[in-house]
Amino acid sequence: MDAFYASVELLRYPQLKGLPVVIGGSRRAPDDELLARHAGLPLHEIPVAEFPLLRDYVGRGVITTATYPARQFGVGSAMGLMKAARLCPQAILLPVDFAEYRRFSKAFKDVILSIAPVMENRGVDEVYIDFTEVPGGQREGGRVLARLIQKSIFEATGLTCSVGVAPNKLLAKMASEFNKPNGISIVQPEDLQTLIWPLACRKLNGIGPKADAKLKGLDIETLGQLAAQSLPWLVQHFGKSYGAWLHAAAWGRDDKPVVTQSEPVSMSRETTFDRDLHAVRDRQELGAIFTDLCERLAEDLQRKGYMGRTVGIKLRYDDFRIATRDHTLALPVDDAAALRQAAGQCLKRVPLTRRLRLLGVRVGALVRTREWVAAAGDPLARELLLRPAPQTSEQDADPYTASLF
């Protein structure tokens, strides 16, 4: 989907189309005041000059997405709002509304499933679709079906999307970025040298910042240069598994199927604070935040029908170091009180002398609730479900324990 969160907001506020708009952070007082001042007025009639501007933002929130006019100023997802304010102070700032985005996400995916039922869900705004057996899926190399999907999604939701069509998921993912917004890009095997190899290595999904830096240190900056390296050379420098993957990916090879159903590995909730908080001096505030994270995580588990045995926490300190701890329970849980208690056990094993920037709670070793309930009376099934969960390695071990929140 094209700038999905921002596009949903522009359906609500069409008067902001063509303007730099940033979506990020939670709802603030200025957002409530805007709606209160214009109570009774249709949202699309609120004057543009009345919206909060990014230049006035103070806090630690991050950008979820931005409109394309805002991106022209170098503003992008995961960037701090304060940094973005220096790049594009005139941008309009809107709060994140996840409930609305989930509603539109379901709507566009339902449209796709009605046309092409073999669909892999890749998050709120992205999917993979297998065109192979869809009637007309091969016409014009897939372009006809891609146009139909675009048209149908727009008619149902008012949103646009970009489609990449290729022989496999690796190339299709890259192609979907070629012609945004509202574009269609076709990549055939014979297009590898002209369309793929000139791209920077970082454009390949699976090459992160560290691998990219190492490749540049070896004078490899494009995928064509990567493809020119031998398999033994890549294995020597990047290890057997990743080296082999780099060699195959540079040549556009990928045999991963479109997976229509997959189980989540874990679920988590985290928040970055507007100011650094201390475990002792800000104990009450941290306690309320901690409890809220556990309650929201429990709601996620219950809504999606999962329970989990491994409960973990994540802390980011004021010096940006990160500490994680896990605690594995005998039985899976999905209620806030049990999550809060288990996460509290993890807190006893982290240093709490420094101020905190971020706090998160995670649940792993998931089982489906209905399967657990069905297996509760079956000793063999219960034994299988209770096998030891994999342990996450601890970081920054420190015997010191401060007052807990």
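Look a little higher up for the structure.
Quick caveat: nothing in here was measured; it's all calculated off a predicted structure.

With that settled, consider the sheet that holds strand β11 (residues 356-368). Here four strands make up an open sheet; going across it, the order is β8-β11-β9-β10 and the pairing antiparallel. Here the strands that pair on one side only, and so sit at the sheet edges, are β8 (267-277) and β10 (322-333). Strand after strand, the sheet turns through a mean of 15° between neighbouring axes, direction not considered. Here strand β9 (residues 306-317) runs beside β10; their pairing, made up of eight bridges, is antiparallel. Bridge assignment links Ile313 to a residue of β10, and that residue is Arg325. Along the sheet, helix α13 (residues 283-304) makes contact with β8, β9, β10 and β11, crossing β8 at roughly 160°.

Now for the state of the cysteines. Enumeration over the complete set of coordinates arrives at zero disulfides. With no disulfide of its own, Cys294 lies 9.9 Å from the sulfur of Cys346, the closest cysteine sulfur.

This paragraph deals with helix α6 (residues 143-157). Look at α6: 21 Å from first C-alpha to last across 15 residues, which is about the 21 Å you get at 1.5 Å a residue. Taken together, the buried positions of α6 are occupied by Leu145, Ala146, Ile149, Gln150, Ser152, Ile153 and Thr157. Those residues of α6 that are buried lie in contact with α1 (4-12), α5 (98-115), β5 (127-129), β6 (163-165) and β7 (184-186).

Looking now at the environment of Ile92. Mapped onto the elements of the fold, Ile92 is located in strand β3 (residues 92-94). For Ile92, a relative accessible area of 4% gives the class buried. Expressed as a C-alpha distance, the spacing of Ile92 and Glu190, which sit 98 residues apart in the sequence, is 44 Å. Beyond its immediate chain neighbours, meaning those up to four positions away, Ile92 contacts Leu16, Leu19, Pro20, Val21, Val22, Val48, Phe51, Pro52 and Leu53.

Most often, soluble globular proteins keep nonpolar side chains buried together rather than apart. Counting 38 residues, the largest nonpolar core has Phe4, Leu16, Phe51, Leu94 and Ile153 as the members making the most contacts within it. Of all elements in the fold, only α1, β1 (21-24), β3, α5, α6, β6 and β7 reach the threshold of two or more residues within this core. Element by element, the count of residues in this core is highest for α5, at six residues. With residues near it in sequence (within four places) discarded, Phe51 still touches Tyr13, Gln15, Leu16, Leu34, Ile46, Ile92 and Leu94.

Before going further, it helps to examine the packing of helix α11 (residues 231-238) against helix α12 (residues 240-250). Running from amino to carboxyl end, α11 crosses α12 at an angle of 140°, the nearest separation of the two axes being 7 Å. The angle between α11 and α12 falls in the class oblique. Remark: the crossing between α11 and α12 carries right-handed chirality. Of α12, the residues touching α11 (which contributes Leu231, Leu234, Val235 and Phe238) are Lys240, Tyr242, Gly243, Ala244, Leu246 and His247. When its residues are assigned to classes, the contact of α11 with α12 shows seven nonpolar, two polar and one charged.

What characterises a pair of aromatic rings is the spacing of the ring centres plus the angle enclosed by the ring planes. Summed over the entire model, instances satisfying the criterion amount to nine aromatic pairs. With a centroid separation of 6.0 Å and 70° between ring planes, the pair formed by Phe4 and Phe108 is classed as edge-to-face. One end of the pair, Phe4, is in helix α1; the other, Phe108, is in helix α5, and 104 residues separate them in sequence. Phe108 gets classed as buried once you look at its relative accessible area, which sits at 2%.

Rules behind the numbers
Residues numbered from 1 in each chain as written. Predicted model: local features only at pLDDT ≥ 70, side-chain atom pairs only at ≥ 80, totals over all residues. Heavy atoms only, no water. Pairing = 2+ DSSP bridges. Helix = DSSP H or I, 4+ residues; strand = E, 2+ residues; numbered from the N terminus. Axes fitted to C-alpha atoms, helices over the stretch in contact; angles between N-to-C directions. Contact = heavy atoms within 4.5 Å. Disulfide = S-S within 2.5 Å. Expected span 1.5 Å × (residues − 1). Buried < 20%, exposed > 50% of the residue type's maximum accessible area, 1.4 Å probe, protein only. Core = buried A, V, L, I, M, F, W, Y, C linked by side-chain atoms within 4.5 Å. Parallel < 35°, antiparallel > 145°, perpendicular 65-115°, else oblique. Left-handed = near helix turned anticlockwise from the far one by under 90°. Nonpolar A, V, L, I, M, F, W, Y, C, P; charged D, E, K, R; others polar. Phe/Tyr/Trp six-rings, centres within 6.5 Å; stacked < 30°, edge-to-face > 60°.

As far as function goes, none of this settles anything; it's purely spatial.
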